[in-house]
Amino acid sequence: MTYNFAFASDSSSTAADPFAARHGKSLPAGLRAECSAMSWTEFESTYAAMSGPIRLGAWSSEKIAPGRWTFEATLGLGERIQKASATSTGAISAMTSMLHDAGISLEILSFHQHQIGHRTATFIFAECDGRRSWAMGIAESSTESSLRAMTSAANRFSH
């Protein structure tokens, strides 16, 4: 599969849970407490940061054996663009490996997903270099949504 990454943005009113106000499903408790005073636009720009020094330009996968896949990506890392690859049992572990090889040691501490219509929202609580943060990704598939959340987390840690 190959994915192209883009986000749609919209503004909404402030709510105790901006995701619930927009999509009718609650955020994970820790994230809900952290963003209770945010509008949807503030929430999306904070937790779904797809623009930044870490960018995912392309993603593909190929099954090589039962339970084993080779994943390839094009990563933007600041000013440089590089190809990355990993062989693993799934996309999340492959992306973790690719980010680690690029010098970003991202560890997912908590992982949540919601179906919102025909799309999937992924929320991760991650740690990098002793710092912890929530991030979100929304996409057509659970894989693409997870990759977006991981990219957003990497960008949050780059500040």
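All values derive from a computational prediction rather than experimental measurement. (Residues numbered from 1 in each chain as written. Predicted model: local features only at pLDDT ≥ 70, side-chain atom pairs only at ≥ 80, totals over all residues. Heavy atoms only, no water.)

Caption draft 1: Layout of the overall build of the protein chain. The helix and strand tally for the protein chain stands at five helices and six strands. When the helices and strands of the protein chain are listed from N to C terminus, the series reads α-α-α-β-β-β-α-β-β-β-α. The globule rule puts the C-alpha radius of gyration for 159 residues at 15 Å, and the 15 Å found for the protein chain is close to it. Overall, the protein chain is about 45 × 30 × 25 Å in size when its C-alpha atoms are taken along their principal axes. Of all 159 residues assigned to the protein chain, the portion counted as buried reaches 43%. Taking the intrachain contacts of the protein chain between residues at least 6 apart in sequence as the baseline, contacts between residues at least 24 apart amount to 45%. (Helix = DSSP H or I, 4+ residues; strand = E, 2+ residues; numbered from the N terminus. Rg over C-alpha atoms; globule rule 2.2 N^0.38 Å. Buried < 20%, exposed > 50% of the residue type's maximum accessible area, 1.4 Å probe, protein only. Contact = heavy atoms within 4.5 Å.)

Caption draft 2: Spatial organisation of the nonpolar core. Counting 26 residues, the largest nonpolar core has Trp-59, Leu-75, Met-95 and Met-98 as its most contacted members. Sorting the residues of this core by element identifies strand 1 (54-65), strand 2 (68-77), strand 3 (80-88), helix 4 (91-101), strand 5 (119-128) and helix 5 (142-157) as the ones contributing at least two each. For this core, the element with the most residues is helix 5, which contributes six residues. Within the second largest apolar cluster, 15 residues are counted, among which are Leu-27, Met-38, Phe-43 and Phe-123. (Core = buried A, V, L, I, M, F, W, Y, C linked by side-chain atoms within 4.5 Å.)

Caption draft 3: How the structure looks around the pairing of strand 4 (residues 107-116). In this structure, strand 4 lies alongside strand 5, joined through nine bridges in antiparallel fashion. The partner of Gln-115 across the bridge, within strand 5, is Thr-120. In sequence, strand 4 turns back onto strand 5 through a hairpin of two residues, with Gly-117 there showing a positive phi of about 65°. (Pairing = 2+ DSSP bridges.)

Caption draft 4: Just the sheet that holds strand 6 (residues 131-139), in detail. Taking strand neighbours across the sheet as the criterion, the three strands line up as 4-5-6 in an open arrangement whose pairing is antiparallel. Among the strands making up the open sheet, the edge pair consists of strand 4 and strand 6. Geometrically, the sheet is characterised by an average inter-axis angle of 15° between neighbouring strands, direction not taken into account. Against the sheet, helix 5 touches strand 4, strand 5 and strand 6, its axis set at about 145° to strand 6. (Axes fitted to C-alpha atoms, helices over the stretch in contact; angles between N-to-C directions.)

Caption draft 5: Main features of helix 5. Helix length check: helix 5 (16 residues) gives 23 Å between terminal C-alpha atoms against 22 Å at 1.5 Å per residue, within 8%. Burial within helix 5 is extensive, with 13 of its 16 residues counted as buried. (Expected span 1.5 Å × (residues − 1).)

Caption draft 6: Broad picture of the packing of helix 4 against helix 5. The interhelical angle for the contact between helix 4 and helix 5, taken along N-to-C directions, is 25°, at an axis separation of 10 Å. Considered as vectors, helix 4 and helix 5 are oriented roughly parallel to each other. You can see that helix 4 and helix 5 cross each other, and the crossing is right-handed. In this structure, helix 4 contributes Ala-91, Ile-92, Met-95, Thr-96 and Leu-99 to the contact, and helix 5 contributes Thr-143, Ser-146, Leu-147, Met-150 and Thr-151. Classifying every residue of the contact of helix 4 with helix 5 by side-chain character gives six nonpolar, four polar and no charged. (Parallel < 35°, antiparallel > 145°, perpendicular 65-115°, else oblique. Left-handed = near helix turned anticlockwise from the far one by under 90°. Nonpolar A, V, L, I, M, F, W, Y, C, P; charged D, E, K, R; others polar.)

Caption draft 7: Looking closely at the UniProt feature "domain: 2-isopropylmalate synthase LeuA allosteric (dimerisation)" (unreviewed entry) in the protein chain. Annotation from UniProt places "domain: 2-isopropylmalate synthase LeuA allosteric (dimerisation)" (unreviewed entry) at residues 44-158. This span, residues 44-158, is 27% helix and 52% strand, and a straight line between its end C-alpha atoms measures 17 Å. (UniProt positions renumbered as here; feature names shortened; annotations may be inferred.)

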